[in-house]
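One-letter residues, chain by chain:
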Amino acid sequence: FVSTAAEVDYEIRLGGAHSDNVFRDEVGEVDETIGIAGLSVEASAESQRFEGDISADLEFRRYFDDSFDNETFSSLDGAMVLKFAPDVFEWVIEDKFGVTQTDPFSPDTAENRENVNVFSTGPDVSLRLGDRTSANVSARYRDTTFENSDIDNSSVFGVFSIAHMLSPNRSLSLNAATDEVDFEVEELYDPYARRSIFVGFDSRMSRGSLQISLGANELETVNEAFTE
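Let me sum up the structure you'll find in this document. (Residues numbered from 1 in each chain as written. Predicted model: local features only at pLDDT ≥ 70, side-chain atom pairs only at ≥ 80, totals over all residues. Heavy atoms only, no water.)

### Side note on the overall build of the protein chain
A tally of regular secondary structure across the protein chain gives zero helices and 12 strands. Listing every helix and strand of the protein chain by position from the N terminus yields β-β-β-β-β-β-β-β-β-β-β-β. At 23 Å, the protein chain has a C-alpha radius of gyration far larger than the 17 Å of a compact globule built from 228 residues. Its C-alpha atoms give the protein chain principal-axis dimensions of about 65 × 55 × 35 Å. A buried classification covers 25% of the 228 residues belonging to the protein chain. For the protein chain, restricting intrachain contacts to residue pairs at least 6 apart in sequence, the fraction spanning at least 24 positions comes to 47%. (Helix = DSSP H or I, 4+ residues; strand = E, 2+ residues; numbered from the N terminus. Rg over C-alpha atoms; globule rule 2.2 N^0.38 Å. Buried < 20%, exposed > 50% of the residue type's maximum accessible area, 1.4 Å probe, protein only. Contact = heavy atoms within 4.5 Å.)

Encoded structure:
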């Protein structure tokens, strides 16, 4: 694929921070001074058959008072669309790498962070059923990997919708979706499936937008099912 438009932007950061309670403890507060250096890069390319965007960030933190070991943060967010038949049949590839809290209920400190990577890929299909009506299908395979936690998982997601344009700025749709998740450590976590069906109304206005959804959801595990 030959790109007809490409753009690259970058940013270099130098700075620092000071905390009077770097461990986020209620007692025994500890001061810490942090030096920060970072680099961010964003790039995009587009042609008739291809569209891609990528953003990457790298940051180094130096703890001058040695409260924690020095840290290096990195993140990557990339997406690529292969347009086999533009606006009719396209294949999407996405990858997101970043840092998350190992325990979301504990303070965000250097000891409570880990890397996580989410990769997904799958097709988008759109078929015209008339001047104002279209049928749309999206499917994704998603793989999620954590650096330390034991909740690595993979899933298959799909959504089908029929949308009708009431006007250039308003649409009414009927949607059905399913998401099936399997965990790598089957002894600790049961696989589950989430299914939903709903009617959606979307209206775009000059000062904002309105979205309304009404439907039902079902969550099913190996042992039980829950519907709302």
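### Thoughts on the nonpolar core
Core analysis: the largest hydrophobic core is formed by five residues, namely Val 22, Ile 34, Tyr 63, Phe 68 and Ala 110. Contact partners of Ile 34, with chain neighbours within four places excluded, come to Gly 15, Gly 16, Ala 17, Arg 61, Arg 62, Tyr 63 and Phe 64. (Core = buried A, V, L, I, M, F, W, Y, C linked by side-chain atoms within 4.5 Å.)

Note that all results are geometric; they support no functional claim without further evidence.
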